[in-house]
Every structure is written in C-alpha cells, then in structure tokens.
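Fold and contact review
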Amino acid sequence: MSSINSICVIDDDKIYTYGISKIINNFLPGKQILSYENGRKALEDLKNMEDENQPLPDLILLDIDMPEMNGWEFLTEFQVLRNRTDKSIPVFVISSRVNQSNQDLYRLEWDNKVSDFIPKPVDIESLRNLLR
Amino acid sequence: MKDSVLFHQLMESLNELIYFKDTKSRFVSISKSMAERFGLDSREEAIGKTDFDFFEEHHAKEAYDDEQKILESGKPIRNKLQKEYLKNPNRIAWSTVSKFPLHNEAGELVGTYGISIDITKEKEISEKLEQSYEDFRKFSEQVPGFFYMFKLDADNNASFPFASEGIKEVFELEPEDVEQSAQPVIDLIHEDDLARVFNSIKMAVLNQETWRYDYRVNLPTKGLRWLRGRATPELQEDGSTLGYGYITDITYEKNMYLNNVQLRRQFQAIFNSVPNLIFVKDIDGKYVMANQSAAKYFGVSPDKILGMKDTDMGFSEEKAQTFNEADKYVIQTNEPLFIPEDKSVTQDGEEVWHQTIKVPFDKTGTDKPAVLSIVTDITRRKNKESELNNSLNIIGEQNKRLMNFAHIVSHNLRNHAGNIQMLLSLYEVEESEEEKEELMTHLSTASKRLNETIADLNEIIDQQYSSSDHLREINLKDVVNKIKEILTSEILENQVSFVEKIPDDLSLEYNASYLESILLNLLSNAIKYRHPDRKPKIHISAYQDQENVYLEVTDNGLGIDLKKFRNKLFGMYNTFHNNDNSKGIGLFITKNQVESMGGSIDVQSEPGVGTTFKIQLT
C-alpha cells in the first residue's frame, strides 16, 4: 500500500515505539508517524482530527496492554468513530499476547474489526509486508 | 366218719383235678371237676379211658411217659407246669400237675394218681403281662430318655427297682447296675449340682409334689451332659417313697439356649454400644425398636421409645412426614435407600450432618411392614470437607495469582527482550554515528528494564516461599525506626516529617523481613509520591484490640484516583502516574506479604490531598 502517508502507533513502551518508528521509516521514508502512550490519548487526538476535518491516519498499529485504556477498550470505542467515517482504516494488533495457538481465535473474534494479529517481538518481514 | 365218705366229698367238690390211673394209665377214678373238664356227664364215664381219649396224642404220650417213669422209679413228679392240648373241643389249658405212685393196701404199686391245678387264667394273665412288658420294652427303646421307678426307703437308701433301657443312653449304665442302689447314678452327677439335686428331691418328697430339675452329669464316654429329670413321688405305707419318672438328655437344647443367651448378650452389647443410631419403624411411623444411641439422640429413655412416633419426639409434622415417606418408599420398592447426607439443627442450635441407610425389615414380630434405619453422624467429616474446600479455594486463588503473575512476567520479559533484539537489528544496518549512539542509549535502557523485570521476578518468587518461617516477636516501634534509618537520605533530601502514634510496648509475632519490607514500601511510596507543593508529612499509627494488630500510614502526597484505579492498585506493573519511576510492583508484593501472614490491606485516598494505607497485620 504505497498510499500510506500517516501511520498511528499506539503503545506504552517508549523504547518499542522508538524502534518501530525507525523500522517504518526505513521502509517508508518521510511518512508521518503518530505515537500515543495509550488508547485514550489516541482517541482524543483522532476525535480532534475528525472535528477539524484533518485527514485520519491510513494505518493503526495497536498494542493491547496499556494503562488507562487498553487495546480492546480502544478498539471498541474506535468502532464508533470508524462507522462515522468513509475512510477505511486498517488496524493491526501487535502484542506479546499473540502467539501461534491463539492467533486464529483472535482473528475469528475480531474478524472485520482487526485486519490481523501480529506477535511481538515483531518479525521484520511481516512488518514490511504489512506496510505494502 | 369213714375216709371213703370224706374222700367222696372231696372228689365231688374240689376244683382241683384229681385222678387215679392203673399201671396202663387207664382212669380208675376222676374228680367231678375233671369229668366236667372232659365234658363227661358223670365221673364213671371216664373209667377205663386214657389221656388219649381226651388230649392230643403228643400230650397224652408225654403224660403216659411221665407215669411210666413214676411206676419205674417210684418217685413222684411235683408241680410240673403243663401245657395241655385238650380235645372236644380243641383247646389249650395250663396246669400245675403233681403225680404220685399209687399203692394198694398191701403196698403193691398198682398205678399212679395225680392232682392238677388249672392255671390257664393265671397263665393267660401272665402271658398278657409278658406281652405287655415286651411291648413296653420295645416302646421304651424307641423313646429317647430313660424312665424308671425310683425308691427312697425310710433309711434314705435310694435305688431304681425299675429302669428302662434308656438308662444306657442317658447314663451309660445297665438297668441291673441300679436295681439295688442308685449310687452309680449319683456318682455321675456333677459335683456343683449334687447338693441342689438332693435338695430338690427332698423338697419334692416332703411336699409330695412333682420333682423337676435340670442338672449336669459327667459321663465316662460322652463327658459333660445336661439332663432334665421329672418324677412323681408316692409315699408308701412303710415310709418309703416311690417315684415314677423320666430323665432325658437336654444337652443340645441347653447348649442352644446358652448359645442364644450369649448371642443375645453380644447382640445387645453391640446394638447398644455403637454410636450409630439404629432403629426400626413400622409403616405407620411407630418405633418398634431403637438402640441406646438412638434413644439418647432423641432424648427419650429406651424403654419408653417403643410405640412412639417422630412427632412425639419433637420433630415437626413436615419432618416426620419426610421420614415416613422415605420409609414408605423403601417398603414399596423393597430396596435399600441410601441418603448420603442430610443436615439438621439440634436443640442447641448446632448444625449436624447425618448419613442414613434404610432397609426393609420384616423381623419385627408384628405383621406390619417395617424399615430398619442406620444413621451415622458425619458432622466431623463435613467440617473437614469444608476446611478442605476452603483450602482448595485458597489454593485456587493462589494458582490464579500465580498464573496471572506468570502471564505478566512472560509478557514483560518478551517485551524487553524483543526490544533489545529490534534495536540490535537496527544498529546493524544503521550507518549514521549519531543514530547509532541514540540506538545504544535505548539499548542500554531496554537492557536495564530487562534486568529489573528479572529482579522483580526473583523477589516475588523468594517471597512466595518464605512466609511462615522466621516468625518471631517483634517490637513495631523498633522496626519503624530501623526503616527510617534506611531512608535517612531520602528523608533529609525531601524534608520529610513524621507523626507517630505507636505504643512503645506494642509487639507481635511476625515475619521480620516482611514487616520491614512492608514498612519500607509504604514509607518510600509516601515519599516518592509526594505532593510538589508541600513538604511530605507522614502519619504512622499502630494499635491493637483483643485479636488483631493494626497499622496505618497516612501521607499528604499526590493521592490516587481510586475510582479509576482501585482494582489495579495492588496489581503488577500498573502505574497511574506519568512518572517513569513508578513501576508499581511494590504494592503487589506488599499485599502478598500481608495476606500470607493472614492479614489484610486497604487504602483510602483523595487525589491532591493524600493517601492512607490501613493494614490489619494479624
């Protein structure tokens, strides 16, 4: 997907955010990377963007275990916003909770709301594929 | 008077049969009685006739021979018992006959004469008696036991003038052995019973009433036997007593009886000593049988319980109904019914549990169907179950915590390790020195975080295994002072002040390292989360009541929004301040330590004002 211009990373681990941003930049130089510590902060900003008619991000990389509002809670609230907008915004969940045995279960449960579940630590190739 | 006149009268009147014969055994003269016997009209008709005319040949021959013998020997035959075979009509008679040689006036042997006394009747009687006796003997052989005639004479000599064959069976003696003296029997009587046997006989004789007695004998072959004697005494004119009686061996019955008695006693002992309630109720709900434990449980005396109903014993109508229905069910199905547990409340309000088995029971001696119930008190077992369940719950809780803990730890380890890996791979492809330096810094942080996680992990594991060891009596004030010493630099740096309300003598039995750790955590948190606008002031108070020791630590720091974070407060790796120092594992450990010592911890807080931790230590 070369049409990606802005990517949203929601994760409370700052070192991880730093690293993943660098990796994304290596694949897609010059693109905007928005990072948030938790779901609440991300939602606040997204709502602002919506209100001020600013373009929403093209992709969201979402962690699960975060303080204040975790990934599941974010997803649930994000659906509301998503339904209001025409834009299709794929969400990828990247979490150390995900592993081979539960991947399919998660996919089934969140079906059309989450595009895929990716285990941490992230495999660079998977990330590259995701970004295309 | 002339002899011939006298003689003539004799011959005419005597019943005895008299005859005179010549040497050829021809009748010369016979008595009238004899003529009648022969069926003759007159005495003279017999003259010249012989026995052959009146008796069967073989008999007449024998008589003839006898007479010839007399003629030869000159010796009489006296009192010979003779069976006579008469003719006209043919019949048999018995006589006692005496025959003599007959001499004339000159002393010459001229024939024989004889006198015969008819004893046919006597003989018949005697034969009948013989037959009777024979029958009796045969009969007595069939009858077990021995019957007898017993004689006790005026000098107290005892004997058995008559003893049946049964004496062999009963006493291993012969009738002859006791005919003259009862001593052989007396010798056999068991020494412990001897006196009483004599007494009982004496009483019976004295009172002329039937003698009945059971006593033991020691027989040569059969050993110890029980006998039952019975006799009816009759006082005789000469002062002696005759007793007609019967003795039988009752060893078998006696043993059965004694066995029975013993069995009954054993049964009673078991029945009444077991703690289980054992009782039988009939289909109408009436008690037919109950053991002591049951009677005791119902609060009724054992002899009153029969015929009572459950309602008579204080059970409610409903409860009694339930019992009766269960019994009816058992009677209907004719199958046992097992009630694994049933709760009730005693009069004292205590909870008790029972286990019951009911079976159909038909040995009641009434025709009503009945049910036997055996009830066991399982209260102790239930209590143990309850304790066990509690333990299991606690273990379940601990397991949950452990799972949670394992989950959290693996998550964190993976994150930190993953970061290191990510940064290293970026470092490898990075060309810019500046970027490389930045990567290194982050790498170093990630590595530090990994180490911290591992250290936390160790701390938690250590804590899991050490709670109940190392208990000792600790003075609370001493511990507080010790912790304050450890935190001296932080206290001075931040100008922390303390208000303490701790009794000097307040001591408790506790794990020392836990107590220090708890206090250290609470105090360092209070200092760490101090309010930026004011100097930290920490209140520490401790007090105790009858059972427990309480500790309170209050600060004037940042406070916590409990509405949001109450649940997460004591969890692992949860932070709610945007403060990089806040890892949040401290309270998790504190809670575990407090709880493992059997206490509890609670918190009250107002954001911007401060926080109070309340701990029940014991």
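**Remarks on the sheet that holds strand E14 (residues 351–361) of chain B**
What links the strands of a sheet is backbone hydrogen bonding, and the strands pair in either a parallel or an antiparallel sense. Residue and element names in this part refer to chain B. Taken in spatial order, the five strands of this open sheet run E12-E11-E15-E14-E13, and their pairing is antiparallel. Edge positions in the sheet fall to strand E12 (287–290) and strand E13 (337–345), since each has one partner strand and no second. On average, each strand axis in the sheet is tilted by 25° relative to the strand beside it, whichever way the strands run. The sheet contact formed by E14 and strand E15 (residues 370–377) spans eight bridges and is antiparallel. Each bridged residue has a counterpart across the sheet, and for His354 the counterpart in E15 is Asp377. Along the sheet, helix H11 (residues 317–333) contacts strand E11 (277–282), E13, E14 and E15; its crossing angle with E13, the most-contacted strand, is approximately 175°.

**A closer look at the sheet that holds strand E6 (residues 146–152) of chain B**
All names here are of chain B. What the five strands build is an open sheet, ordered E7-E6-E10-E9-E8; its pairing is antiparallel. For this open sheet the edge positions go to strand E7 (158–163) and strand E8 (211–219), each flanked by a neighbour on one side alone. When the angles between neighbouring strand axes are averaged without regard to direction, this sheet yields 35°. Note: E6 against E7, four bridges, orientation antiparallel. Bridged to Leu152 within E7 is Ala158.

**Brief notes about the pairing of strand E4 (residues 91–95) of chain A**
Residues and elements named next belong to chain A. In terms of burial, E4 is largely enclosed, as five of its five residues are buried. Here E4 shows two buried faces, one formed by Val91, Val93 and Ser95 and the other by Phe92 and Ile94. This β-α-β element, strand E3 (residues 59–62) to helix H3 (residues 71–84) to E4, shows right-handed connectivity. With four bridges connecting them, E4 and strand E5 (residues 116–119) associate as parallel partners. Across the sheet, residue Ile94 finds its bridge partner in E5, namely Ile118. Taking the sense of rotation as the criterion, the β-α-β connection linking E4, helix H4 (residues 100–110) and E5 turns out right-handed.

**What about the packing of aromatic side chains?**
All chains considered together, the criterion is met by 28 aromatic pairs over all chains. Aromatic side chains Phe279 of chain B and Phe298 of chain B sit 5.8 Å apart centroid to centroid with 65° between the ring planes, which places their arrangement in the edge-to-face category. Taken together, the residues Phe279 of chain B in strand E11 and Phe298 of chain B in helix H10 (residues 292–298) connect sequence positions 19 residues apart. By relative accessible area, which is 7% here, Phe279 of chain B ends up buried. Accessibility expressed as a relative area gives 11% for Phe298 of chain B, which makes it buried. Members of the aromatic cluster, each reached through a chain of ring pairs, are Phe279, Tyr287, Tyr297, Phe298, Phe315 and Phe323 of chain B. Here Lys120 of chain A stacks its cationic end above the ring of Tyr16 of chain A, 4.2 Å away from the centre of that ring. Between Lys21 of chain B and the ring centre of Tyr19 of chain B, over which it is positioned, the NZ or CZ distance is 4.6 Å.

**Re a negative patch on the surface**
A surface patch of negative charge is lined by Glu433, Glu434, Glu437 and Glu438 of chain B. Position of Glu434 of chain B among the secondary structure elements: in helix H13 (residues 433–465).

**A closer look at unusual backbone geometry**
A cis amide bond links Lys120 of chain A to the next residue, Pro121 of chain A, at an omega of -5°. Looking at the secondary structure, you find Pro121 of chain A in the loop between E5 and helix H5 (124–131). Unusually for a residue other than glycine, Asn79 of chain B sits at a positive phi of about 55°. The class for Asn79 of chain B is exposed, based on a relative accessible area of 58%.

**Considering a nonpolar patch on the surface**
Residue and element names in this part refer to chain B. Together, Met1, Val5 and Leu6 give the surface a local cluster of nonpolar side chains, amounting to about 330 Å² of exposed area. As for its position among the elements, Val5 is in helix H1 (residues 3–13). The partly exposed category is assigned to Val5, whose relative accessible area is 37%.

Criteria and thresholds
- Residues numbered from 1 in each chain as written.
- Chains lettered and ligands numbered in written order.
- Predicted model: local features only at pLDDT ≥ 70, side-chain atom pairs only at ≥ 80, totals over all residues.
- Heavy atoms only, no water.
- Pairing = 2+ DSSP bridges.
- Helix = DSSP H or I, 4+ residues; strand = E, 2+ residues; numbered from the N terminus.
- Axes fitted to C-alpha atoms, helices over the stretch in contact; angles between N-to-C directions.
- Contact = heavy atoms within 4.5 Å.
- Buried < 20%, exposed > 50% of the residue type's maximum accessible area, 1.4 Å probe, protein only.
- Right-handed = clockwise from strand over helix to strand, strands pointing away.
- Phe/Tyr/Trp six-rings, centres within 6.5 Å; stacked < 30°, edge-to-face > 60°.
- Lys NZ or Arg CZ within 6 Å of the ring centre and 35° of its normal.
- Patch = residues over 30% accessible without salt bridge, like charges linked within 9 Å, V, L, I, M, F, W, Y side chains within 5 Å.
- Areas by Shrake-Rupley, 256 points an atom, 1.4 Å probe, with all protein chains shown as cover.
- Salt bridge = Lys/Arg side-chain N within 4 Å of Asp/Glu carboxyl O.
- Lys, Arg positive; Asp, Glu negative; His and termini not counted.
- Charge placed at Lys NZ, Arg CZ, Asp CG, Glu CD.

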